[in-house]
Amino acid sequence: MQSKVFEIIEKEKERQAHTIELIASENFVSENVLRAVGSCLTNKYSEGYPAERPAGNRGRYYGGCENVDVLEQYCCDMWQKAFHTDYHVNVQPHSGASANLAAYMSVLKPGDTILAMSLDNGGHLTHGSPVNFSGRLFNMVFYDVDASGRIDMEDVRKKAEDCKPALILAGASAYSRILDFRTFADIAQSCGAYFMVDMAHIAGLVAAGDHPSPFGLADIITTTTHKTLRGPRGGLIFCRPELARKIDSGVFPGTQGGPLQHVIAGKAVAAEEACDPSFAEYIHNVVKNCKAMCDAFLAMGYHVVTGGTDNHLFLLDLTDTGLTGKEVQNELDKHGITLNKNCVPGETRSPQQASGVRVGTAAMTTKGYTEEDFVRVAHRIDEIIRAMRQAR
Ligand SMILES: *Cc1c(COP(=O)(O)O)cnc(C)c1O
């Protein structure tokens, strides 16, 4: 039977081949990840956990799980290896958002207080936005950033003392600086809160040693697998071994049904790749390229939130240009450059307009871009922005 779907996929393949992809949360997976995700494992139901699971919650609710049992356990082992950790790992979350939902539900009750970073300062929707389950289920308190856009650790300490949160969350979607996990952990300990890290964006940097590791400091660590980790779309949850049983039941049966074994296969391939020395080299290049591109914008007089970057992304604050993030995103799209509008600290526009754009180097570094290529793209973006301003 002819399917319209494959025509669409061909068009998308073309688009991905011909655009300059600067969306900080995207990447290009290997052929092996694609093969795994496109495999017959999608046919298999496997609610529950492998029989060899170290914590409770062992066993499956369906027959015929002998192969997926081996696969899921192997996937867990490989992610522990990739992060050099003996933390317990759950590889079933369907996405980063599902991982966060399951993590919260494992250790919190609705109404409990979470101290986190707000969406407009760089946090994620699932970190307490009022339009998300997190903001509707929990009492959210947000710590602030200072005038430059850096997290104000004194504010974290003060708010933690005031609001006595059940959980303190570190992690962001649009934050270009090192996260001080040690100080967060100290603060959490002094107020008896769980400390959770959502490393969705920076997980690849953590694996490669280009960002301090939260392992040993955080009680729970969630991540996506499709951003800097360059795996299939999905989530992971790591936790201290004593929380294993709670986390596992928070995922299944707490918040999900059957796991996606084809995606778990893709995650296992991505974990193997992350263990290869070439992965650390790739991540070092992502960071080096990001700094080069960010420096090029600074040299052209652009305002970069926090004045620079330590990781794979940075935020251009376009307030001075009079252009909105949305206008710049749309115009760049016409020129084959893809990125996303983003709020900036102290945002005065709606999130649909936004005063900034987020720029990331993980995807194009996968395609082989070097520092010179990224600097060239920075100059091209500047030309486009200048033309837009002139047309005003
Ligand atoms: C991307 C992201 C998520 C959510 O991931 P999805 O897979 O899109 O649900 C969660 N937390 C942070 C910090 C993220 O950047």
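Residues numbered from 1 in each chain as written. Predicted model: local features only at pLDDT ≥ 70, side-chain atom pairs only at ≥ 80, totals over all residues. Heavy atoms only, no water.

### Looking at the overall build of the chain
Item 1. Scanning the chain for helices and strands turns up 14 helices and 15 strands.
Item 2. A compact globule built from 392 residues would reach a C-alpha radius of gyration of about 21 Å, and the chain, at 21 Å, matches this within 12%.
Item 3. For the chain, the spread of C-alpha atoms along the three principal axes comes to 65 × 60 × 40 Å.
Item 4. Per-residue burial for the chain yields a buried fraction of 57% across its 392 residues.
Item 5. In the chain, the share of contacts with a sequence separation of at least 24, taken over all contacts with a separation of at least 6, comes to 71%. (Helix = DSSP H or I, 4+ residues; strand = E, 2+ residues; numbered from the N terminus. Rg over C-alpha atoms; globule rule 2.2 N^0.38 Å. Buried < 20%, exposed > 50% of the residue type's maximum accessible area, 1.4 Å probe, protein only. Contact = heavy atoms within 4.5 Å.)

### Points about unusual backbone geometry
Item 1. Residue F252 is joined to P253 through a cis peptide bond whose omega torsion reads 10 degrees.
Item 2. Counting through the fold element by element, P253 comes out in the loop between α9 (244-251) and α10 (261-275).
Item 3. Phi angles above zero are rare outside glycine, and K164 is one such case at about 45 degrees.
Item 4. Residue placement: K164 occurs in the loop between α6 (153-163) and β7 (167-170).
Item 5. You can call K164 exposed: its relative accessible area is 54%.
Item 6. Residues other than glycine seldom take positive phi values, yet R230 does so here, at roughly 60 degrees.
Item 7. With a relative accessible area of 18%, R230 lands in the buried category.

### Here we look at the pairing of strand β10 (residues 235-239)
Item 1. Taking burial as the measure, the 5 residues of β10 include 5 buried ones, the bulk of the element.
Item 2. Burial along β10 is two-sided: the face carrying G235, I237 and C239 and the face carrying L236 and F238 are both buried.
Item 3. With 3 bridges connecting them, strand β4 (residues 88-90) and β10 associate as antiparallel partners. Looking at the pairing, H88 lines up with C239 of β10. (Pairing = 2+ DSSP bridges.)

### Topic: the domain arrangement of the chain
Size of an interface: often given as the accessible area lost when the parts come together.
Item 1. According to the domain assignment, the chain consists of domain 1 (31-274) and domain 2 (279-390).
Item 2. In this structure, domain 1 and domain 2 have C-alpha centres spaced 27 Å apart.
Item 3. Between domain 1 and domain 2, the residue contacts involve 24 residues of the former and 25 residues of the latter.
Item 4. Carbon and sulfur atoms supply 58% of the area that domain 1 and domain 2 bury against each other, a total of about 2100 Å² over both sides.
Item 5. In this assembly, domain 1 and domain 2 are joined by 1 salt bridge.
Item 6. The closest approach of N and O atoms between D310 and R177, which form a salt bridge, is 2.9 Å.
Item 7. Where domain 1 packs against domain 2, one counts 13 residue pairs in polar contact (both at pLDDT 80 or more).
Item 8. The leading source of residues in the side of domain 1 that touches domain 2 is helix α8 (residues 203-208), at 4 residues.
Item 9. Counted by class, the side of domain 1 that touches domain 2 contains 10 nonpolar, 8 polar and 6 charged residues. (Domains from an automatic or database assignment. Buried area = accessible area lost by both parts, 1.4 Å probe. Salt bridge = Lys/Arg side-chain N within 4 Å of Asp/Glu carboxyl O. Polar contact = N/O pair within 3.5 Å; in protein donor to acceptor, adjacent residues only side chain to side chain. Nonpolar A, V, L, I, M, F, W, Y, C, P; charged D, E, K, R; others polar.)

### Focus on the nonpolar core
Item 1. Among the nonpolar cores identified, the biggest contains 62 residues, and W79, F83, I151, M199 and F238 are the most heavily contacted of them.
Item 2. The element contributing the most residues to this core is α10, with 7 residues.
Item 3. Both domain 1 (31-274) and domain 2 (279-390) contribute no fewer than three residues apiece to this core.
Item 4. What M199 contacts, discounting residues up to four positions off in sequence, is F83, V206, P214, F215, I221, T222, T223 and F238.
Item 5. Judged by nonpolar contacts, the second largest core, of 28 residues, contains I337, L339, A378 and I385. (Core = buried A, V, L, I, M, F, W, Y, C linked by side-chain atoms within 4.5 Å.)

### Brief notes about the site of the ligand
Item 1. Taken together, 14 residues sit near the ligand, with G96, A97, S173, D198 and K227 positioned nearest.
Item 2. G96 places a main-chain nitrogen or oxygen 2.9 Å from an oxygen atom of the ligand.
Item 3. K227 places a side-chain nitrogen or oxygen 2.8 Å from an oxygen atom of the ligand.
Item 4. Against a free-state accessible area of 380 Å², the protein chains account for coverage of 85% of the ligand.
Item 5. No other element matches the 3 residues that helix α4 (residues 96-107) contributes to the shell around the ligand. (Near = heavy atom within 4 Å. Areas by Shrake-Rupley, 256 points an atom, 1.4 Å probe, with all protein chains shown as cover.)

### Focus on the side chain of D248
Item 1. Mapping D248 onto the fold places it in helix α9.
Item 2. Using a relative accessible area of 0% as the deciding quantity, one classes D248 as buried.
Item 3. At 2.9 Å, the side chain of D248 forms a polar contact with the side chain of N90.
Item 4. Leave out the neighbours within four places in its chain, and D248 touches Y49, R53, N57, H88 and N90.

### Structural notes on the packing of aromatic side chains
Item 1. Applying the stated criterion across every chain, the model contains 15 aromatic pairs.
Item 2. Ring centres of W79 and F83 lie 6.0 Å apart, and the angle between their planes is 25 degrees; on these two criteria the pair is classed as stacked.
Item 3. By relative accessible area, which is 5% here, F83 ends up buried.
Item 4. Ring plane angle 50 degrees and centroid distance 5.9 Å describe the contact between F279 and Y282, whose orientation is recorded as tilted. Here the residue F279 and the residue Y282 both occupy positions in helix α11 (residues 277-299), the gap between them amounting to 3 residues, near one helical turn. Note on accessibility: F279 and Y282 belong to one class, buried. (Phe/Tyr/Trp six-rings, centres within 6.5 Å; stacked < 30°, edge-to-face > 60°.)

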